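Close look at the chain arrangement
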Amino acid sequence: MCGIVGYIGTKAASGILLEGLRKLEYRGYDSAGIATILDDQIHCVRAKGKLNNLQEKLDGEDNPAPLGIGHTRWATHGKPEEYNAHPHRDTEGRIAVVQNGIIENYRELREQLKAKGCEFRSQTDTETIPHLISQKLIAIKANPPNNKTAEASLLLEAVRQAVNELQGAFAIAVISADFPDELIVARQQAPLVIGFGQGEYYCASDTPAIVAYTRAVLPLENGEIARMTRMGVEVYNFEGIRQRKTPRTLNWNPVMVEKQGFRHYMLKEIYEQPGVVRTCLETYLVPDWTPELGISPIRLGIPDEFYADINQIQIVSCGTSWHASLVGKYLLEQLAQLPTAVQYASEFRYSPPPMIPNNLLIGVTQSGETADTLAALEMDKKRRKDETGPLRSRLLGITNRAESTLGELVDRVIDTQAGIEIGVAATKTFVAQLMAFYFLSLDLSYRRKTMTIEAIEKMIDGLRQLPAQVESVLESQERYIEELAHDFVDTQDFIFLGRGINFPIALEGALKLKEISYIHAEGYPAGEMKHGPIALLDSKVPVVTIAMPGPVFEKVLSNAQEARARDARLIGITPMDEVEAAETFDTLIPVPHVDEILSPIVTVIPMQLLSYHIAARRGLDVDQPRNLAKSVTVE
Ligand code: F6R
């Protein structure tokens, strides 16, 4: 939620900041702004709405300032108006701050600062920060403390003292017209990465903003503050103790964050899915595995002792990751025979189940930064912290960003290897999460001996077919679905049905449609329709049904017929041939014959394409749907 960037070097900062913000716009697009230091003054330009509005304001400005900060906002405190846009300044306009996160004690701070004469001009929590830093600076100048941070810089010391008074989750970047050669950043529970160039340094909420300039990065840890100058970067903890840090090299390239000829990132990411599945297979399947090797065919790097004694699994996640978790539950229960509960992370934290012995808690989050998911995991870790036996904390993360906060929090990570996802609606990261659950379930099944070797081999063979099967759906169906989307441009309600392992895919189909086309949609287990939702059906409500051959195939077809009898237009996602399907469905979206248990990887593709093309036909901003942000770092 919200993206921040900063630059200090020798080049003009504003273009670099703007480009960085463009790569972070997925984090929020209610307003944007940048601040630089020009002629000894803070020069701040802000605009309501998307980044293009800011760009228009900046066009024609000749601003050579080599230091600056920028922000793209997802509104939490205060309306999405220009006066609430970051950067925010202190009363004298000498300090500018951008923030990602929420300052929970901002009300008390605001009252205290107002009482000291600070003038507030916005409704935001962030505005307390420049005022607080300004007050700290006044006190420090009057009576300089004798410590390392004050020795390094009074601005650094003022920011350090200020962040020690802030409660909540935040990442900030600060500049001051009185300290024109430094950029101060701090992190507490919200992501912030520093990029290292030659005599120039960058900071950002996320690496895509800086990968065009450098691949040497240092993610700050919670409770760390850094002073960036043209000479280098010094990192301290909030107590002011210097931390020794070494940047690491990203294995990304700038092309990965471009659209590469696709109209939208979402479509590009849909098309990347065969490659994502292939990468997962290459990464996690033991090459040339044979049963005689006597090792698991899956190489997740999780040692036996980590999960040898577990007898139950809980999964916490949100949104699309929650749907992947429901597929995970199905696999873990059916293959590894482990009772599994899936909870919304936002519910788990405040009504946690009792502490269960021999439990594995899995957090699933593509960004690794979702506040609800992190909070749920932290809560469980905290309540088990003194336990060493069966009640001990045992956390596994499934994420696309192993370097994220989640990565630091959990004991083990499965990295879903999907590459950066820019479209706000998750597509390839969802498929990669499903792959992670196939691997985890197979690894557990092998170790727990809940599947025969033959069954494991058969499943691995099936997994290896998936990239080609996904490719064939994309090749054969995209054009057709694009045409089909035409029929639904004015549709107001959709129903998605699936059963068993495809029920979560029906939920995912409905969520995708809601998110990007703003059409009301509901996903249901097909058998549940008759218990109420069937009342919604008439000729204006299309019903998309996933029907894959398996134990409930006939039942799904009967459920679909019940909908058709109510005049609903029935769209089938099924491998049935045209003749058979004609008896059941009005419209057929054929998919290859895939074992039902593996079919979610294939059946989700038409769902993604359908929602994409309906939204595109409606002329909507597919990559940046209204009110949403890619990384939800507030609870
Ligand atoms: C849907 C979507 C959201 C996210 C949810 C969790 O397309 O993107 O529903 O799935 O906000 O995000 P992560 O996976 O980053 O925890």
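Residues numbered from 1 in each chain as written. Predicted model: local features only at pLDDT ≥ 70, side-chain atom pairs only at ≥ 80, totals over all residues. Heavy atoms only, no water.

This brings us to the side chain of Ser-134. Turning to its location among the elements, Ser-134 is positioned in helix α4 (residues 128–142). Each residue touching Ser-134, except ones within four places of it in the same chain, is listed here: Asp-90, Glu-92 and Ile-95. (Helix = DSSP H or I, 4+ residues; strand = E, 2+ residues; numbered from the N terminus. Contact = heavy atoms within 4.5 Å.)

What follows is about the site of the ligand. The local shell around the ligand holds 14 residues, among which Ser-321, Thr-365, Ser-367, Thr-370 and Glu-515 are the closest. The contact in question runs from an oxygen atom of the ligand to an N or O atom on the backbone of Val-424, over 3.3 Å. Glu-515 is positioned such that a nitrogen or oxygen atom in its side chain is 2.7 Å from an oxygen atom of the ligand. Within the complex, the protein chains bury 90% of what would otherwise be the 410 Å² of accessible surface of the ligand. Residue assignment for the shell around the ligand shows that the elements contributing at least two residues are α10 (319–334) and α16 (503–517). Looking at the shell around the ligand, the element that brings in the most residues is α10, giving three residues. Both of domain 2 (259–451) and domain 3 (472–635) provide at least three residues apiece to the shell around the ligand. (Near = heavy atom within 4 Å. Polar contact = N/O pair within 3.5 Å; in protein donor to acceptor, adjacent residues only side chain to side chain. Areas by Shrake-Rupley, 256 points an atom, 1.4 Å probe, with all protein chains shown as cover. Domains from an automatic or database assignment.)

Turning to the sheet that holds strand β20 (residues 412–415), a few remarks are in order. The parallel open sheet is built from five strands, whose spatial order is β17-β16-β18-β19-β20. Pairing within the sheet leaves two strands with one partner each, and these edge strands are β17 (340–344) and β20. Going across the sheet, the axis of each strand differs from the next one's by a mean of 20°, ignoring polarity. Bridge count for strand β16 (residues 312–317) against β17 is five bridges, and the pairing is parallel. Bridge pairing links Ile-313 to Thr-340 in β17. Across the face of the sheet, α10 comes into contact with β16, β17 and β18 (359–364) while running at roughly 170° to β17. (Pairing = 2+ DSSP bridges. Axes fitted to C-alpha atoms, helices over the stretch in contact; angles between N-to-C directions.)

Bringing the domain arrangement of the chain into the picture now. Put simply, an interface is often sized by how much accessible area is lost when its parts join up. As far as domains go, the chain holds domain 1 (3–257), domain 2 (259–451) and domain 3 (472–635). One C-alpha centre belongs to domain 1, the other to domain 2, and the line joining them spans 33 Å. Between domain 1 and domain 2, the contact holds 15 residues from the first and 13 residues from the second. Looking at the side of domain 1 facing domain 2, the largest losses of area belong to Tyr-26, Met-256 and Val-257, adding up to 32% of the total buried there. Across the domain 1-domain 2 interface, the total number found is one salt bridge. For Arg-401, the salt bridge goes to Asp-206, with nearest N and O atoms at 2.4 Å. Split by residue class, the side of domain 1 that touches domain 2 holds eight nonpolar, three polar and four charged. (Buried area = accessible area lost by both parts, 1.4 Å probe. Salt bridge = Lys/Arg side-chain N within 4 Å of Asp/Glu carboxyl O. Nonpolar A, V, L, I, M, F, W, Y, C, P; charged D, E, K, R; others polar.)

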